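A closer look at the structure
The chain contents come next:
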2 protein chains.
Amino acid sequence: MSDTGEEVRGRRRGGGAEARRERRRAGSGTSLTYIKRNVPLYDPVGEEGLALIEANADTVLQEIGIEFRDDEEALTLWRQAGADIDGARVRFPRGLCRELLKTAPSSFTQHARNPARSVEIGGKATVFAPVYGPPFIRNLDEGRRYATIEDFRNFVKLAYTAPAIHHSGGTVCEPVDLPVNKRHYDMVYSHIRYSDKPFMGSVTHPQRAADSVAMAKLVFGEEFVDQNCVLINLINANSPMVFDETMLGALKVYARAGQACIVTPFILAGAMSPVTVAGTLTQVLAEVLAGAAFTQLIRPGAPVVFGCFASSISMQSGAPTFGTPEPTLVSYGAAQLARRLGIPFRTGGSLCASKVADAQAAYESANTLNSTVLAGTNFVLHAAGWLEGGLASGYEKFVMDCDQLAMQQRFCEGVDLSENGQAMDAIREVGPGSHYLGCAHTQANFETAFYRSTIADNNSYEQWLAEGEKRADERANDLWKKWLAEYEAPALDEGIDEALQDYMKRGKDSMPDAFA
Amino acid sequence: MSDTGEEVRGRRRGGGAEARRERRRAGSGTSLTYIKRNVPLYDPVGEEGLALIEANADTVLQEIGIEFRDDEEALTLWRQAGADIDGARVRFPRGLCRELLKTAPSSFTQHARNPARSVEIGGKATVFAPVYGPPFIRNLDEGRRYATIEDFRNFVKLAYTAPAIHHSGGTVCEPVDLPVNKRHYDMVYSHIRYSDKPFMGSVTHPQRAADSVAMAKLVFGEEFVDQNCVLINLINANSPMVFDETMLGALKVYARAGQACIVTPFILAGAMSPVTVAGTLTQVLAEVLAGAAFTQLIRPGAPVVFGCFASSISMQSGAPTFGTPEPTLVSYGAAQLARRLGIPFRTGGSLCASKVADAQAAYESANTLNSTVLAGTNFVLHAAGWLEGGLASGYEKFVMDCDQLAMQQRFCEGVDLSENGQAMDAIREVGPGSHYLGCAHTQANFETAFYRSTIADNNSYEQWLAEGEKRADERANDLWKKWLAEYEAPALDEGIDEALQDYMKRGKDSMPDAFA
């Protein structure tokens, strides 16, 4: 990890041209280390507003409370911690949750089986992970259809290939061809087998979370897993103000195992939260405070991330909308609240409501991604492939988004102020009325000067015509097929592979298939 | 203007729901006042970097100098001001240009013939103006073809209709069906006749600039024009480090008449400037300092804008690329330099290299627009309609971009921290496990809570299928036709109209047609 870290730092200072050339020669399979931001944050909410929202969130926790449903253990722990319990409703003395969160790390390492791919979650780091959750896939050849385990493997392979995807993610699509109670084995296994980037565990049942931890132990070793984060896991609140049995069950398994939980209010503002930005932020903060603090009741020091999934609903259709100004402000504000709380932050991605990889998809995704990055988001789920409000994983959309991620990564390097960056020699050499195309400075920096898009067509109009007037999604269709055709699996120790296969077989054989 | 200004300020404080509802009832013809930013700026370049670039720009001005070609008057004025003249080359004592620019206003009003449409250029104001310059148009019905005066009128009408376009712009497309030496009459007239928003004058010949001023005087009155800005005009440097006779001629006409010049280095980095961000910023600053200071030699106090057109060239094809990280950093940095210089700033827009209104166009345009807005850009040319590196004005692209502009305008209002914005009553009313769809707060804010896109499809997948699986550009095709069909020209005083017609006839009759 330190090698590649050095590489990124070198480039920031303008000394990494050679490293870039090397990556280019090596092709798309060469991964970039996670982003270490060298540009400032964008903080649109002022001190007054943040303090107001924090005070209001404390009032929500104190007066209204949060429900921890069907989990006696949770209620007992909260009672012992000093909260007021009324049925499933937990009311918190002002400041209790913040106090509990003091044991949570402000930043932590999630280890990958290839140490060069391990990522930092927190601080100035930003990690891009693929889309999570869609039951459908879409591509130009087949249109939209239910996803299969084959699609799942394909998206793992694409994420492995994409230079600016730093993480293999979790449910890159839902393999609905496999039994619902067994598919988690194949999903976790696919991340391990077809990638060497860090990945996410199953959260749909406490036993599936336990299986994820057990499989991780076969890869990393029992003791290493107990002392280090090797899984990061998505724990959604049932907004407004409810955590349910399933999510609490998974949270407890992971926190107890010392693995990371992303506590995320899944918000469609207007339905799960108030229709205003400040009101939504208040509820989001209250929910995260309660859920994240709970991880510290389970195991003080367990890594936990402040999650925020911000969308608003269309007041016409009730459907979620993305890339619009209000959720953008929610994401920015939540990032600021997370920093004040001192824990890492997750939001955004390349979100869109569009059914296809058209201009709507791109406008919405770019709006979301730009704000996600400038907010200093540490863990970016749905960074590539998201379509149709999360109902479909798009093959073309995936590689198009990856191109944007690589641009963001370059942007985060900031401005090179070295002598080479200042380029005074070039200005002196060229002088008025000439051009820079052939000058020594241009020749020296030619290959690495500008980000080269993998998708954009920057050719002449005539050449574009001659090549068939292709739209971006049509070029993307060629690219993901090329990536899959050229994919080569990273090596996996045979003993580990056998142990994983054996574990899965025993698990699968122990229960009948379930499909709902 | 103050009425509509109040309206915007009211909305920021959450009290403008009624104003929004009114605009919605009034339809798309209801214009928004220019943006008065209520969110902070994004400043990615640090103090150290900015000071370094400023010092380097002074070195460029002092050692290398800038050429003012084929303009004896310019050289004489510079000599008198204390510069060193060597042929066309002007070398400037350190600090001279900055000193001269102290007479330039930090902010000024450009008046529209409808006072409610006048705009502020500078400070916290952002003004969106349409695409400028393309010889071609593109739409889904006809593909790409040469533009005509009919297209020109159409884009003026679309800009008049678009709520978040605050300015009628200039060469919204090049009407190549008209003689090159006479078309400026019809262009200026179209802006006056078919819109009541502020507009731009002709810069392709000093006489055409003089005609633009003369026509403006027929509309606003001789004395008003002498004492107020009614035209803003695009003066491009011939980068690197040259101003040519045509641009200097137009600049002198406008500055002498007290009208605004946007002094803009037109940069394709790698060709017209060094391949690095800091090097490009150095040259841009040097060129703007020289060109902008020259306006103050012509008429101290004449409004002048720091312009920056930032692109990089594809190192494969030599074609310009847009929406990529390096030009984004250039735009941000130039905005910071302009603020330190104390004059208004122009950059960005919705720029793209894509030939069609596809995902590439949208990603690139959104990347450009997001940074343009967060940079605090005061005058945004090319805010809508730009395609193919500026070679084509796109009908569908125009209305798609307008949707994005309206979103940016909403974003710039920032977060409403009023009691209604905080929504504590809503959170109390709803409580855990319920939803906000029917609650009193949602009902009260229903119509104005979230920005409603004019282009995005947020319907269910099934409804989208039933409606023909339309892409965003296909929906945009319907929208621009609707806008043109529903367009109604603003009233124009008959006497003024006759005077304009008469002026144009005399001008056209005075010379033979030229087509090259």
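Residues numbered from 1 in each chain as written. Chains lettered and ligands numbered in written order. Predicted model: local features only at pLDDT ≥ 70, side-chain atom pairs only at ≥ 80, totals over all residues. Heavy atoms only, no water.

Along the backbone of chain A there are 20 helices and 19 strands. Across its three principal axes, chain A shows a C-alpha extent of roughly 80 × 55 × 50 Å. Within chain A, the proportion of its 516 residues that are buried is 67%. Entry remark: accessible area of chain A is about 16700 Å², with carbon and sulfur atoms responsible for 49%. Once the 51 positive and 64 negative side-chain charges of chain A are each reduced to a mean point, those two points are 2 Å apart. (Helix = DSSP H or I, 4+ residues; strand = E, 2+ residues; numbered from the N terminus. Buried < 20%, exposed > 50% of the residue type's maximum accessible area, 1.4 Å probe, protein only. Areas by Shrake-Rupley, 256 points an atom, 1.4 Å probe, with all protein chains shown as cover. Lys, Arg positive; Asp, Glu negative; His and termini not counted. Charge placed at Lys NZ, Arg CZ, Asp CG, Glu CD.)

The next point concerns the side chain of K397(B). Inspection of the secondary structure assignment puts K397(B) in helix α14 (residues 395-411). Engagement of the side chain of K397(B) in a polar contact is seen with the side chain of D401(B), the distance being 2.8 Å. Once you skip the residues sitting within four places of it in the chain, K397(B) turns out to touch Y363(A), S350(B), C352(B), A357(B), A361(B), S365(B), G385(B), W386(B) and L387(B). (Polar contact = N/O pair within 3.5 Å; in protein donor to acceptor, adjacent residues only side chain to side chain. Contact = heavy atoms within 4.5 Å.)

Residue and element names in this part refer to chain B. The buried count for strand β13 (residues 260-269) comes to nine of ten residues, which makes it a mostly enclosed element. The sheet contact formed by strand β11 (residues 231-237) and β13 spans six bridges and is parallel. Bridging from a neighbouring strand, N233 pairs with C261 of β13. Here seven bridges tie β13 to strand β14 (residues 304-313), and the two strands are oriented parallel to one another. Each bridged residue has a counterpart across the sheet, and for F266 the counterpart in β14 is F309. (Pairing = 2+ DSSP bridges.)

Before going further, it helps to spend a moment on the packing of aromatic side chains. As enumerated under the stated definition, the model contains 41 aromatic pairs over all chains in all. Relative to Y42(B), the ring of Y42(A) has its centre 6.2 Å away and its plane inclined at 75°; by these criteria the two rings are edge-to-face. Of the two residues, Y42(A) is situated in the loop between β1 (35-36) and α3 (47-64) and Y42(B) in the loop between β1 (35-36) and α3 (47-64); the pairing between them involves two chains. Each member of the pair, Y42(A) as well as Y42(B), carries the same accessibility label: buried. Through a chain of ring-to-ring contacts, three or more aromatic side chains come together here, namely Y42(A), Y332(A), F411(A), Y42(B), Y332(B) and F411(B). Seen from the ring of Y194(A), K157(A) lies directly overhead, with NZ or CZ sitting 5.1 Å from the centre. (Phe/Tyr/Trp six-rings, centres within 6.5 Å; stacked < 30°, edge-to-face > 60°. Lys NZ or Arg CZ within 6 Å of the ring centre and 35° of its normal.)

Core analysis: the largest hydrophobic core is formed by 363 residues, its most contacted members being F68(A), W78(A), F68(B), W78(B) and F306(B). The contacts of F68(A), once residues within four sequence positions are left out, are A74(A), L75(A), W78(A), A88(A), V90(A), F92(A), F243(A), L248(A), A290(A) and F294(A). (Core = buried A, V, L, I, M, F, W, Y, C linked by side-chain atoms within 4.5 Å.)

Our focus in this paragraph is the relation of the copies chain A and chain B. Each copy superposes on the other: chain A lies on chain B with an RMSD of 0.0 Å after a rotation of 180° and an axial shift of 0.0 Å. Overall, the copies show the geometry of a two-fold rotation axis. If distances are taken from each C-alpha of chain A to the rotation axis, the shortest is found for A359(A), at 2.1 Å. The fraction of interface residues of chain A whose copies in chain B are also interface residues reaches 100%, indicating that both copies meet through the same surface. (Least-squares fit on C-alpha atoms with pLDDT ≥ 70 in both.)

The next subject is the domain arrangement of chain A. Residue and element names in this part refer to chain A. Each assigned domain of chain A is listed here: domain 1 (5-40 + 102-412) and domain 2 (47-91). Computed over C-alpha atoms, the centres of domain 1 and domain 2 are 26 Å apart. Tallying the contact residues gives 24 residues for domain 1 and 22 residues for domain 2. Counting each side, the surface lost to burial between domain 1 and domain 2 is near 2100 Å², with a carbon and sulfur contribution of 70%. We note a salt bridge from E73 to K252, for which the minimum N-O separation is 2.6 Å. Inspection of the domain 1/domain 2 interface yields eight residue pairs in polar contact (both at pLDDT 80 or more). Those elements that provide at least two residues to the side of domain 1 that touches domain 2 are β12 (242-243), α10 (245-256), α11 (277-298) and α12 (325-341). With twelve residues, the single largest contributor to the side of domain 1 that touches domain 2 is α11. Grouping the constituent residues of the side of domain 1 that touches domain 2 by class yields 15 nonpolar, three polar and six charged. (Domains from an automatic or database assignment. Buried area = accessible area lost by both parts, 1.4 Å probe. Salt bridge = Lys/Arg side-chain N within 4 Å of Asp/Glu carboxyl O. Nonpolar A, V, L, I, M, F, W, Y, C, P; charged D, E, K, R; others polar.)

With that settled, consider the pattern of salt bridges. Residues and elements named next belong to chain A. The final tally for this structure, using the stated rule, is 66 salt bridges over all chains. A salt bridge links E47 to R340; the nearest nitrogen and oxygen atoms lie 2.9 Å apart. Of this pair, E47 sits in helix α3 while R340 is found in helix α12, placing the two residues 293 residues apart along the sequence. A residue is classified by how much of its surface remains accessible, and R340, at 33% relative accessible area, is partly exposed. We note a salt bridge from R117 to D196, for which the minimum N-O separation is 3.1 Å. Here the residue R117 occupies a position in the loop between β5 (107-110) and β6 (119-122), and D196 occupies one in the loop between α7 (183-194) and β10 (199-200), the gap between them amounting to 79 residues. Across this residue pair, the class does not change: R117 and D196 are buried. Through salt bridges that share partners, E47, E54, R98 and R340 make up one connected network.

Moving on to the sheet that holds strand β9 (residues 143-146) of chain A. Consider a sheet: its strands pair through backbone hydrogen bonds, and that pairing is either parallel or antiparallel. Residues and elements named next belong to chain A. One open sheet accounts for four strands, arranged β9-β8-β19-β18; its pairing is mixed. Pairing within the sheet leaves two strands with one partner each, and these edge strands are β9 and β18 (386-387). Bridge count between β18 and strand β19 (residues 392-394): two bridges; the pairing is antiparallel. Its bridge partner lying in β19, L387 is registered against A392.

A separate point is the side chain of K252(A). Residues and elements named next belong to chain A. Mapping K252 onto the fold places it in helix α10. Exposure remark for K252: the relative accessible area of 10% places this residue in the buried category. Filtering out sequence-adjacent residues up to four positions away, K252 remains in contact with D71, E73, F294 and I298.

This paragraph deals with the sheet that holds strand β2 (residues 66-68) of chain B. Residues and elements named next belong to chain B. Taken in spatial order, the four strands of this open sheet run β3-β4-β2-β12, and their pairing is mixed. On the outer flanks of this sheet lie β3 (84-86) and β12 (242-243), each paired with one strand and no other. Bridge count between β3 and strand β4 (residues 89-91): three bridges; the pairing is antiparallel. Considered in β4, the bridge of D86 is made with R89. This element, α3, spans β2 and β4 of the sheet and lies at about 125° to β4. (Axes fitted to C-alpha atoms, helices over the stretch in contact; angles between N-to-C directions.)

What follows covers the interface of chain A and chain B. Each partner contributes to the interface: chain A provides 113 residues, whereas chain B provides 113 residues. Together, the buried faces of chain A and chain B total about 9300 Å²; carbon and sulfur atoms form 67% of this surface. In terms of surface lost to chain B, no three residues of chain A exceed Y363(A), P432(A) and F450(A), which account for 9% of the buried area on that side. One can count six salt bridges joining chain A with chain B. Notably, a salt bridge pairs R428(A) with E63(B), separated by 3.0 Å at the nearest N-O pair.

Attention shifts here to the environment of R153(B). Residue and element names in this part refer to chain B. If you trace the backbone, R153 turns up in helix α6 (residues 149-161). Residue R153 is classed as partly exposed on the basis of its relative accessible area, which comes to 22%. Between the alpha carbons of R153 and K481 there is a distance of 14 Å; along the sequence they are 328 residues apart. Setting aside anything within four residues of it in sequence, one finds R153 in contact with S190 and Y194.

Looking now at the packing of helix α7 (residues 183-194) of chain B against helix α8 (residues 206-220) of chain B. All names here are of chain B. Contact pair α7 / α8: the axes reach a minimum separation of 10 Å and the direction vectors enclose 30°. The angle between the axes of α7 and α8 places the two elements in the roughly parallel class. Where α7 crosses over α8, the two elements pack in a sense that is right-handed. Each of H184, Y185, V188, Y189 and I192 in α7 lies in contact with α8, whose residues at this interface are R208, D211, S212, M215 and V219. Counted by class, the contact of α7 with α8 contains six nonpolar, two polar and two charged residues. (Parallel < 35°, antiparallel > 145°, perpendicular 65-115°, else oblique. Left-handed = near helix turned anticlockwise from the far one by under 90°.)

Residue and element names in this part refer to chain B. Across the interface, helix α13 (residues 359-374) lies against α14 with an axial gap of 11 Å and an inter-helix angle of 35°. Where α13 crosses over α14, the two elements pack in a sense that is right-handed. Counted together, A361, S365, L369, N370, V373 and L374 of α13 and K397, D401, Q404, L405, Q408 and F411 of α14 form the full contact between these two elements. Residues of the contact of α13 with α14, tallied by class, amount to six nonpolar, four polar and two charged.

On to unusual backbone geometry. A cis amide bond links S239(A) to the next residue, P240(A), at an omega of 5°. Even without a glycine there, the phi angle at H382(B) is positive, about 60°. A positive phi angle, near 55°, is found at E388(B), a position not held by glycine. Along the chain, E388(B) falls in the loop between β18 (386-387) and β19 (392-394). Here E388(B) falls in the buried class, since its relative accessible area comes to 5%.

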